[in-house]
Amino acid sequence: MKTLTAMIGTLTISLVFANSGFGQDRTKDLAVLNDLYAGSVKFRIDRDDRLIADLFDDSGHFREDAVYIEFLDPDLFAFSPEENAVVLKCRDDQGQCIEKEVFKLNVIRRTGRSALPAPADDASGRKAIALLQQLVRGVQLARTSETDETRARPNRNK
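Residues numbered from 1 in each chain as written. Predicted model: local features only at pLDDT ≥ 70, side-chain atom pairs only at ≥ 80, totals over all residues. Heavy atoms only, no water.

**Quick look at the pattern of salt bridges**
Thinking step 1. Per the stated rule, a full pass over the model turns up ten salt bridges.
Thinking step 2. Between Asp54 and Arg44 there is a salt bridge, with the nearest N and O atoms lying 3.3 Å from each other. Taken together, the residues Asp54 in strand E2 (residues 50-57) and Arg44 in strand E1 (residues 41-45) connect sequence positions ten residues apart.
Thinking step 3. Among the residues examined, Arg44 registers a relative accessible area of 37% and is labelled partly exposed.
Thinking step 4. Beyond isolated ion pairs, a larger network of salt bridges with shared partners links Arg44, Asp54 and Glu64. (Salt bridge = Lys/Arg side-chain N within 4 Å of Asp/Glu carboxyl O. Helix = DSSP H or I, 4+ residues; strand = E, 2+ residues; numbered from the N terminus. Buried < 20%, exposed > 50% of the residue type's maximum accessible area, 1.4 Å probe, protein only.)

Shown next as structure tokens:
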């Protein structure tokens, strides 16, 4: 019994230390992800813990995808060879949790998936998927340690 109690105590201490450095991990994960995409997609996390993906092409900033990280299912992230894209998907219970703002059309659309172009140096999308999963899981872990409450989705429609 003492061994089990000691193991639980060690696990608790490990989680506390892991979470105390989380902000640095988040920043590092974002920097590595942004370096991988080399400007074609720029990722950031806003103050509401939303993952923001700004997409750029030759014409400039053409789309912004925004999603509360807690609504994503990192196990469903995949590569779509037909689209040559890394696809992010919502949890089953969150349906259309991703908001895509298409600037040329001046519209915000809700969807259950976001197709991001594969990075130039990662044709199969494996690195990008692994980094996105790591980032999302880290933020989700930090959120569940803060509270078990799920926030309501605000409406950004124009």
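**Examining the nonpolar core**
Thinking step 1. Counting residues in hydrophobic clusters, the biggest one holds 29 residues, and the most contacted among them are Tyr37, Phe43, Leu51, Leu72, Leu88, Leu116 and Leu132.
Thinking step 2. Of all elements in the fold, only helix H2 (22-37), E1, E2, strand E3 (60-68), strand E5 (85-89) and helix H3 (126-146) reach the threshold of two or more residues within this core.
Thinking step 3. With seven residues, H3 is the single largest residue contributor to this core. (Core = buried A, V, L, I, M, F, W, Y, C linked by side-chain atoms within 4.5 Å.)

**A short note on the confidence of the model for the protein**
Thinking step 1. In this model, the protein carries a mean pLDDT of 84, and residues with pLDDT of at least 70 account for 76%.
Thinking step 2. Scored below 50 in pLDDT, residues 3-22 shows five contacts in the model against residues more than four places distant or in partner chains. (pLDDT = per-residue confidence, 0-100. Contact = heavy atoms within 4.5 Å.)

**With respect to the state of the cysteines**
Thinking step 1. The final tally for this structure, using the stated rule, is one disulfide.
Thinking step 2. Each sulfur in the disulfide pair Cys90 and Cys97 lies 2.1 Å from the other. Note on the Cys90 and Cys97 pair: the S-S dihedral is about -100 degrees, so by sign convention the disulfide is left-handed.
Thinking step 3. Cys97 gets classed as buried once you look at its relative accessible area, which sits at 4%. (Disulfide = S-S within 2.5 Å.)

**Concerning unusual backbone geometry**
Thinking step 1. A positive phi is found at Ala38, a non-glycine position, where the angle reads about 50 degrees.
Thinking step 2. Counting through the fold element by element, Ala38 comes out in the loop between H2 and E1.
Thinking step 3. Located in the positive-phi region is Asn84, a residue other than glycine, with phi close to 50 degrees.
Thinking step 4. Summarising the element assignment, Asn84 is placed in the loop between strand E4 (78-80) and E5.

**So, the sheet that holds strand E6 (residues 98-102)**
Thinking step 1. Strand order in the open sheet formed by five strands is E1-E2-E3-E6-E7, and the pairing between neighbours is antiparallel. Taken across any chain shown, the strands that pair with only one partner, and hence form the sheet edges, are E1 and strand E7 (107-111). Recorded for the sheet is a direction-independent mean angle of 20 degrees between the axes of neighbouring strands. (Pairing = 2+ DSSP bridges. Axes fitted to C-alpha atoms, helices over the stretch in contact; angles between N-to-C directions.)

**Remarks on the sheet that holds strand E8 (residues 113-117)**
Thinking step 1. The strand order across the open sheet built from three strands is E4-E5-E8, with neighbouring strands paired in antiparallel fashion. On the outer flanks of this sheet lie E4 and E8, each paired with one strand and no other. When strand polarity is set aside, the average angle formed by the axes of neighbouring strands in this sheet is 35 degrees.
Thinking step 2. Relative to E8, E5 runs antiparallel, the two being bridged by five bridges. Bridge assignment links Leu88 to a residue of E8, and that residue is Ser114.

**Some details on the environment of Ala118**
Thinking step 1. Within the secondary structure, Ala118 sits in the loop between E8 and H3.
Thinking step 2. Linking Ala118 and Tyr37, residues 81 residues apart in sequence, is a C-alpha distance of 8.0 Å.
Thinking step 3. Dropping the residues within four chain positions of it, Ala118 is found in contact with Tyr37, Phe79, Asn84, Ala85, Val86 and Ala123.

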